[in-house]
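Below, each chain spelled out in residue letters.
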Amino acid sequence: MKGSDVNTNTSRLTKDGIRLYEPGDFAGMQKAGRLAAQILDDIAEHVFPGQTTGVLDQLITDWVAAAGATSATIGYKGYQHASCISVNHVVCHGIPGDKVLKDGDILNIDVTVIVDGWFGDTSRMYVAGNLSRKAERLVQVTHDALMKGIEAAKPGNTFGDIGNAIQIYAESHRMSVVRDFCGHGLGRVFHAPPNVLHYGRPGTGAVLEEGMFFTIEPMINLGRPETKVLADDWTAVTRDKSLSAQFEHSIGITTQGAEIFTLSPNGMFHPTYKA
């Protein structure tokens, strides 16, 4: 669900069209991010062989409503679910439904909530049953690649530095970075500039400044990076049917570096519950 929405916020824009939020705006993002992360914590115990992705989505829908929040994805460009659930070779935007999880399936669950007008967007990996060795390696590398990108997100660095950190790490493990989808700015809108690429050259792209809010959400494949979108116009899969994994955090740039808005309240961001 990439692209830019119209942003009517009056905060200052950089020369690259990236909005710079005020210090007081961080509290709104913290609250929205915390709810999205808590929902992903709560869904973990419901991921098991025999479960359907539709049941998982219904639980998420109910929890968003119970929190007095709004799902950002229900009704977005015609989408009708509170989550995207992407299993095995589905790269992103998997539509929940009747699919039954099997032992060893890996899946990404992506949730975006709106709390008091602020958008909290995050995703993480889960495993149904037993995790195979190759899937475990993919999930670990993808998680660590995200964190490498976040480490590079600090004032004075560029978006190319973020992408390069992710790309170098993933490719050093003989895995590939998906190029067809990217992270994005957010705040009081779902999608806004910049597009946050997960590959690139150091020193290129816009310079990071305090007050920028955006997601970093690398998609890493065991095979080649190419993807295709299925006939439903949402589900993106690897062309070679290799396994794919993704982790996503929403962050804000501070004077020191990056503040992660979507940290797991219970330390459950990694499927083996490594913070």
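An account of the accompanying structure is given in this report.

Thresholds applied
- Residues numbered from 1 in each chain as written.
- Predicted model: local features only at pLDDT ≥ 70, side-chain atom pairs only at ≥ 80, totals over all residues.
- Heavy atoms only, no water.
- Pairing = 2+ DSSP bridges.
- Helix = DSSP H or I, 4+ residues; strand = E, 2+ residues; numbered from the N terminus.
- Axes fitted to C-alpha atoms, helices over the stretch in contact; angles between N-to-C directions.
- Polar contact = N/O pair within 3.5 Å; in protein donor to acceptor, adjacent residues only side chain to side chain.
- Buried < 20%, exposed > 50% of the residue type's maximum accessible area, 1.4 Å probe, protein only.
- 1 Å grid on protein atoms, 1.4 Å probe; cavity = no way out; pocket = protein on both sides within 12 Å on 5 of 7 lines; lining within 4 Å.
- Points joined across faces, edges and corners; volume = space filled by probe spheres on them.
- Nonpolar A, V, L, I, M, F, W, Y, C, P; charged D, E, K, R; others polar.
- Core = buried A, V, L, I, M, F, W, Y, C linked by side-chain atoms within 4.5 Å.
- Contact = heavy atoms within 4.5 Å.

**Quick notes on the sheet that holds strand S13 (residues 227-229)**
Working step 1: The strand order S5-S14-S13 describes an open sheet built from three strands, whose pairing is antiparallel. Pairing within the sheet leaves two strands with one partner each, and these edge strands are strand S5 (90-92) and S13. Averaged over all pairs of adjacent strands, the angle between their axes in this sheet comes to 40 degrees, without regard to strand direction.
Working step 2: Examined bridge by bridge, S13 and strand S14 (residues 236-238) share three bridges and lie antiparallel to one another. Paired with lysine 228 across the bridge in S14 is valine 237.

**Section: the side chain of histidine 191**
Working step 1: Note that histidine 191 resides in the loop between strand S9 (183-185) and strand S10 (192-196).
Working step 2: Only 2.9 Å separates the side chain of histidine 191 from the side chain of tyrosine 76, close enough to count as a polar contact.

**Thoughts on the pairing of strand S7 (residues 118-127)**
Working step 1: Where burial is concerned, most of S7 is hidden: ten out of the ten residues are buried.
Working step 2: The pairing of strand S6 (residues 106-115) with S7 spans ten bridges and is antiparallel. Bridge pairing in S7 links leucine 107 to tyrosine 126.
Working step 3: Count of turn residues in the S6/S7 antiparallel hairpin: two residues, of which aspartate 116 carries a positive phi of about 55 degrees.

**Overview of the layout of surface pockets**
Working step 1: Taken as a whole, the largest pocket spans an internal volume of roughly 160 Å³.
Working step 2: What lines the largest pocket is a set of 13 residues, among which Ile85, Val87, Val90, Ile95 and Lys99 lie closest to the centre.
Working step 3: A total of three residues in the lining of the largest pocket trace back to one element, the largest contributor, which is strand S4 (residues 84-87).
Working step 4: The residue makeup of the lining of the largest pocket, split by class, is four nonpolar, seven polar and two charged.

**Section: the nonpolar core**
Working step 1: By size, the foremost hydrophobic cluster in this structure holds 38 residues, and its most contacted members are Leu107 and Ile109.
Working step 2: Mapped by element, the contributors of at least two residues to this core are helix H1 (26-43), helix H2 (53-66), S4, S6 and S7.
Working step 3: Per element, the largest residue contribution to this core is eight residues, and it comes from H1.
Working step 4: Those residues within four positions of leucine 107 in sequence are excluded, and the remaining contacts are Val47, Leu56, Ile85, Ser86, Val87, Leu101, Arg124, Met125, Tyr126 and Ala128.
Working step 5: If you look at the next biggest cluster of nonpolar residues, it comprises 35 residues, including Val127, Ala135, Tyr169 and Ala245.

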